[in-house]
Amino acid sequence: MCVYENLKKMDITLPAPPPKGGIYVPVKQVGNLIFTSGAGPIVDGKPAFLGKVGKELSVEEGQKAAKIVAINILSMLHQYLGDLNRIKNVVKILGFVASADDFNDQPQVINGASQFLVDVFGEKGQHARSAISTNELPGNIPVEIEGVFEIE
Amino acid sequence: MCVYENLKKMDITLPAPPPKGGIYVPVKQVGNLIFTSGAGPIVDGKPAFLGKVGKELSVEEGQKAAKIVAINILSMLHQYLGDLNRIKNVVKILGFVASADDFNDQPQVINGASQFLVDVFGEKGQHARSAISTNELPGNIPVEIEGVFEIE
Amino acid sequence: MCVYENLKKMDITLPAPPPKGGIYVPVKQVGNLIFTSGAGPIVDGKPAFLGKVGKELSVEEGQKAAKIVAINILSMLHQYLGDLNRIKNVVKILGFVASADDFNDQPQVINGASQFLVDVFGEKGQHARSAISTNELPGNIPVEIEGVFEIE
């Protein structure tokens, strides 16, 4: 299952990786593990969504934001690895959702990222996951996700 | 030290793993590491506790919730591994506590999980840990914990 | 590049590791990875800063707090390893900033820790990172950071 064919079928074009907001690297490899930095729903250098899910944003908008985050994670990995087919497993993601008071549907929001990863990677895209709420996120983005990947 | 004997002495029966709330797997192995997805204080398919520690729930109730989360993590690992004695080390947990404003005793709450893991696994149950607050959690549960384990 | 020479040039003296607040170990090794527990801006057994960034504390105070956290992480690693030069790579940190409503500059705050790690370790100090907000933190500290390190 070639990752790039799947992306093409899904009509997804990997963008250039989003600009960094601090003193860190987008991905860091140790052995056959790759840790990806927290990524946001940035499109063309700007957040595609702002605000909190359950207040400014609906669950559906949160899911769209989460999907964009996952696309950006893949763009970071593509830049680093040169070939996304080197990814042997999506191990785990940790997804944060900036949530209004009494909004408790973080898993639904992060599903936007998880579903995308499963669609792209198939069986090896099955990952462990935590969906957590936060009161705020950098730059007022609604979703930030970090991940762990295994490579060949 | 047999894990199942310790559980029996502690009068703990591992339940069937709780139902998933999204598109992910409960545990994911990479090499000799196992990453467990965020788990909650679910008993018989329903949250045993709801609300925020420091508001609807006391620290003691939060600790009980954290202990149930740890039991559920073990049930997920038991289902995956077949034998919990294959666990060589409890490496780390990351515990989130849905907290009322001005509640700052997250470590006390997560101790409910940490103490349980040490009681069950003994020396190899000594783990690294972070206890963090959140403003909300999925389904209004008070505690969500993810972990990293090392297996033989 | 000797870590201790860099610390000396930066006029930093590693303190004794801060006291634990719960049932866990400061660092846990698995293979050539070390996971460090969430650490806070503790100096001489007391928080050097209290409160939320964007409310009681400015961004600059948050950065100072983050730097102290990074120093404490190194003191924990020094105690465990005996020699910080055994650190081959700073792999990743996950930084939580207790934030007032509408404070969204968590990356700037965590830069206080990231910059310190890069200054101390040079090239191998380049790390992946997530900067996240929380509504509260243990003991009302403003910054809590956990990390993953690779050793020889």
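Residues numbered from 1 in each chain as written. Chains lettered and ligands numbered in written order. Predicted model: local features only at pLDDT ≥ 70, side-chain atom pairs only at ≥ 80, totals over all residues. Heavy atoms only, no water.

Here we look at the overall build of chain A
So, step 1. Of regular secondary structure, chain A possesses 3 helices and 7 strands.
So, step 2. Counting from the amino terminus, chain A carries its helices and strands in the arrangement α-β-β-β-β-α-β-α-β-β.
So, step 3. Overall, the C-alpha framework of chain A stretches about 40 × 30 × 25 Å when taken along its three principal axes.
So, step 4. Expressed as a percentage of the 152 residues in chain A, the buried residues total 62%. (Helix = DSSP H or I, 4+ residues; strand = E, 2+ residues; numbered from the N terminus. Buried < 20%, exposed > 50% of the residue type's maximum accessible area, 1.4 Å probe, protein only.)

Observations regarding the relation of the copies chain C and chain B
So, step 1. If you rotate chain C by 120 degrees and push it 0.0 Å along the axis, it lands on chain B with an RMSD of 0.0 Å. The superposition of one copy onto the other is thereby described by a three-fold rotation axis. (Least-squares fit on C-alpha atoms with pLDDT ≥ 70 in both.)

Examining the packing of aromatic side chains
So, step 1. Tallied over the entire structure, the rule returns 3 aromatic pairs over all chains.
So, step 2. Judged by centre distance (6.1 Å) and plane angle (70 degrees), the ring pair of phenylalanine 96 of chain B and phenylalanine 96 of chain C falls under edge-to-face. A residue pair is termed interchain when its members come from two chains, as with phenylalanine 96 of chain B in strand S5 (residues 87-98) and phenylalanine 96 of chain C in strand S5 (residues 87-98). Across the pair, exposure class does not vary: phenylalanine 96 of chain B and phenylalanine 96 of chain C are buried alike.
So, step 3. Members of the aromatic cluster, joined through ring pairs, are Phe96 of chain A, Phe96 of chain B together with Phe96 of chain C. (Phe/Tyr/Trp six-rings, centres within 6.5 Å; stacked < 30°, edge-to-face > 60°.)

Looking at the relation of the copies chain C and chain A
So, step 1. After a rotation of 120 degrees and a shift along the axis of 0.0 Å, chain C superposes on chain A with an RMSD of 0.0 Å.
So, step 2. An overlap of only 16% is found between the interface residues of chain C and their copies at the interface of chain A, pointing to separate contact surfaces. (Contact = heavy atoms within 4.5 Å.)

A word on empty space enclosed by the protein
So, step 1. Tallying each qualifying case throughout the model produces 1 cavity of 30 Å³ or more.
So, step 2. Taken as a whole, the largest cavity holds about 300 Å³ of empty space.
So, step 3. In terms of lining, the largest cavity is formed by 21 residues, of which the most central are Phe35 and Glu146 of chain A, Phe35 and Glu146 of chain B together with Glu146 of chain C.
So, step 4. When contributions to the lining of the largest cavity are tallied by element, the ones reaching two or more residues are strand S5 (87-98) and strand S7 (143-151) of chain A, S5 and strand S7 (143-151) of chain B together with S5 and strand S7 (143-151) of chain C.
So, step 5. Its residues assigned to classes, the lining of the largest cavity shows 12 nonpolar, 3 polar and 6 charged. (1 Å grid on protein atoms, 1.4 Å probe; cavity = no way out; pocket = protein on both sides within 12 Å on 5 of 7 lines; lining within 4 Å. Points joined across faces, edges and corners; volume = space filled by probe spheres on them. Nonpolar A, V, L, I, M, F, W, Y, C, P; charged D, E, K, R; others polar.)

Some points on the sheet that holds strand S6 (residues 128-134) of chain A
All names here are of chain A.
So, step 1. Taken together, the 5 strands give an open sheet; going across it, the order is S1-S2-S7-S5-S6, and neighbouring strands pair in mixed fashion. Both outer strands of the open sheet, strand S1 (27-30) and S6, are each paired with one neighbouring strand and no more. Strand-to-strand, the axes of this sheet are offset by a mean angle of 15 degrees, without reference to chain direction.
So, step 2. In terms of strand pairing, S5 meets S7 through 9 bridges, oriented antiparallel. Residue pairing across strands places phenylalanine 96 opposite glutamate 144, the latter belonging to S7.
So, step 3. Here helix H3 (residues 106-121) sits on the sheet and contacts S5, S6 and S7; the angle it forms with S5, its principal contact strand, is near 160 degrees. (Pairing = 2+ DSSP bridges. Axes fitted to C-alpha atoms, helices over the stretch in contact; angles between N-to-C directions.)

Quick word on the packing of helix H2 (residues 59-81) of chain A against H3 of chain A
Residue and element names in this part refer to chain A.
So, step 1. Two numbers describe how H2 lies on H3: the axes approach to 7 Å, and their chain directions differ by 40 degrees. In terms of axis orientation, H2 runs oblique to H3. Crossing geometry of H2 relative to H3 is assigned as right-handed. For the pair formed by H2 and H3, the contact residues are Val59, Gly62, Gln63, Ala66, Lys67, Ala70, Ile71 and Leu74 on the first element and Gln108, Val109, Ile110, Gly112, Ala113, Phe116, Leu117, Val120 and Phe121 on the second.
So, step 2. When its residues are assigned to classes, the contact of H2 with H3 shows 12 nonpolar, 4 polar and 1 charged. (Parallel < 35°, antiparallel > 145°, perpendicular 65-115°, else oblique. Left-handed = near helix turned anticlockwise from the far one by under 90°.)

Read these as layout, nothing more, since geometry by itself doesn't imply function.
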